[in-house]
Structures are given as structure tokens and as C-alpha cells.
Amino acid sequence: MSISIDKVADALSEEGYIVIPCALSDEVLHGLQQRVTSLSPEQWLSAGVGRNTGYQQNKKIRSDNIFWISKDDPQESAFLQDMELLRQGLNQQLYMGLFDFEGHFATYPRGAYYQKHVDALRGRSNRVLSVILYLNEGWSDDDGGQLLMYPEHREGYQDEPIQRVAPELGTMVVFLSEKFPHEVLESHRQRFSLTGWFRINSSQSGRVDPAN
């Protein structure tokens, strides 16, 4: 893993987010590239918004497709091992109580987008830290599909983006899930990423919250 856990921890405590170029080893990145491009159209699911009974598919909000990752595939497992090291390191330094990680590949066909949203509603989700890893080589501004991150909502203010991130291979964004609204601009070519969340166990029964 190429990530400096110290650097990530410092950025999260000071700014709440970090953008990391060349975040993982070439071996892991290329393995993930091979894996995501090998998936058949039938394996992709239409992405939705909300959770549990509030879950719905709405192409006016988001039009990407997803595939949930697991330890069963060696390329996915290699990435999950890196995330486990990051989880342990952040817990040691920031006492975040991160319990586990869930994630999925996402593909944005030409014309797809995701409107401004937050990954976790304050106090209503066990997702506390978001991770986005990009898997596209040779991405240009004309290809669209940039991630725009905004500051926390302030009533009466028209917020400007605080970050504009091109989805270039190896770039990783890590941010507090409740804090930063963000959106994906319309993509003009097929776009691949891996999105995931470090979660806390907020179950009151001793069992782990279900992944959503």
C-alpha cells in the first residue's frame, strides 16, 4: 500500500478529507482494472439511493451501475487487505471506531452522472468514512465525469466546490461521509471507480449492522 496513514490521519483531523494521487501499488490497481473491465453486463446492477425501505432507483438522481466486491475474488481481496490496514491505522491514530469496510465497483456509461448528495445523513447511518478510488487511464477534462466536493451546507450560501477531482487511475479520495456533499458530473466516456465506506457497528444487539 502506497498510502501514508499518518498523512491521511492528519488531513482527516484538520480538513476532513484528502485527495491522494497514486494511492495504491501498480499491482493492485492493474488487478482492479482487469477485474472491473472483465465484468459482464449482466453482473452490473442499477444503482439506487436511500437505504432499507427508503431505497429506490431514480435515474434522474444517479445513472451509474454497481457491482459489490468481496474477498472471494483475488483482485478485490488485495484491495480489501489494503483497506484493512488503513482501517487499523486510522483507528490507532484517530480512535474512530471503524468496524469494517463495504464497497462496490461503479461504472458510468456515456451520459451518466450522480447529482449532489451526502453519503450519510447525520446520526442516521453507520457509514462514517468514504473512499473513492478511480480506475481510468488517460482521462482528460473533455471526458467529464469529475467529482465535485462541496463544503458543509450553510443556509443562505451558494457554495462553490472545494475540490474538483479527475477520475484518473490511482487517485483516491477519502472524506468524512456526513460532512461533504459531492456530485459526479456527466461522463462523456465510460468511467470506472471503486467506492466504499468504513462503518461503525451501531447495532444495539451485539450484531453487526447490515451492509447497505
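Rules used in this analysis
- Residues numbered from 1 in each chain as written.
- Predicted model: local features only at pLDDT ≥ 70, side-chain atom pairs only at ≥ 80, totals over all residues.
- Heavy atoms only, no water.
- Phe/Tyr/Trp six-rings, centres within 6.5 Å; stacked < 30°, edge-to-face > 60°.
- Helix = DSSP H or I, 4+ residues; strand = E, 2+ residues; numbered from the N terminus.
- Buried < 20%, exposed > 50% of the residue type's maximum accessible area, 1.4 Å probe, protein only.
- Lys NZ or Arg CZ within 6 Å of the ring centre and 35° of its normal.
- Pairing = 2+ DSSP bridges.
- Contact = heavy atoms within 4.5 Å.
- Axes fitted to C-alpha atoms, helices over the stretch in contact; angles between N-to-C directions.

(A) Representation of the packing of aromatic side chains. A full pass over the atoms with the stated rule returns five aromatic pairs. Their ring planes at 25° and their centres at 6.5 Å tell us that Phe 67 and Phe 105 sit as a pair that is stacked. Linking Phe 67 in strand β3 (residues 65-68) with Phe 105 in strand β4 (residues 100-108), this pair joins segments that are 38 residues apart in sequence. Exposure class is identical for Phe 67 and Phe 105. Each is buried. One aromatic cluster in this structure is built from Phe 79, Phe 101 and Phe 198. Over the face of the ring belonging to Tyr 150 we find Lys 116, whose NZ or CZ atom lies 3.9 Å from the ring centre. One residue, Arg 191, lies across the ring of Tyr 108, its end atom 4.8 Å from the ring centre.

(B) Here's a closer look at the sheet that holds strand β9 (residues 172-176). Ordered in space as β1-β9-β6-β11-β4-β3-β2, the seven strands form an open sheet in which the pairing is antiparallel. A strand with exactly one partner marks an edge of an open sheet, and here the two such strands are β1 (17-20) and β2 (45-46). Two elements, β1 and β9, share four bridges in a ladder whose sense is antiparallel. Counted as the bridge partner of Tyr 17 is Phe 175 from β9. Against the sheet, helix α1 (residues 5-14) makes contact with β1, β6 (127-134) and β9, and its axis sits at roughly 140° relative to β1, the strand it touches most.

(C) Up close: unusual backbone geometry. Backbone geometry at Cys 22 places phi at a positive 50°, although glycine is not the residue there. On the secondary structure map, Cys 22 appears in the loop between β1 and α2 (26-38). We classify Cys 22 as exposed; its relative accessible area is 59%.

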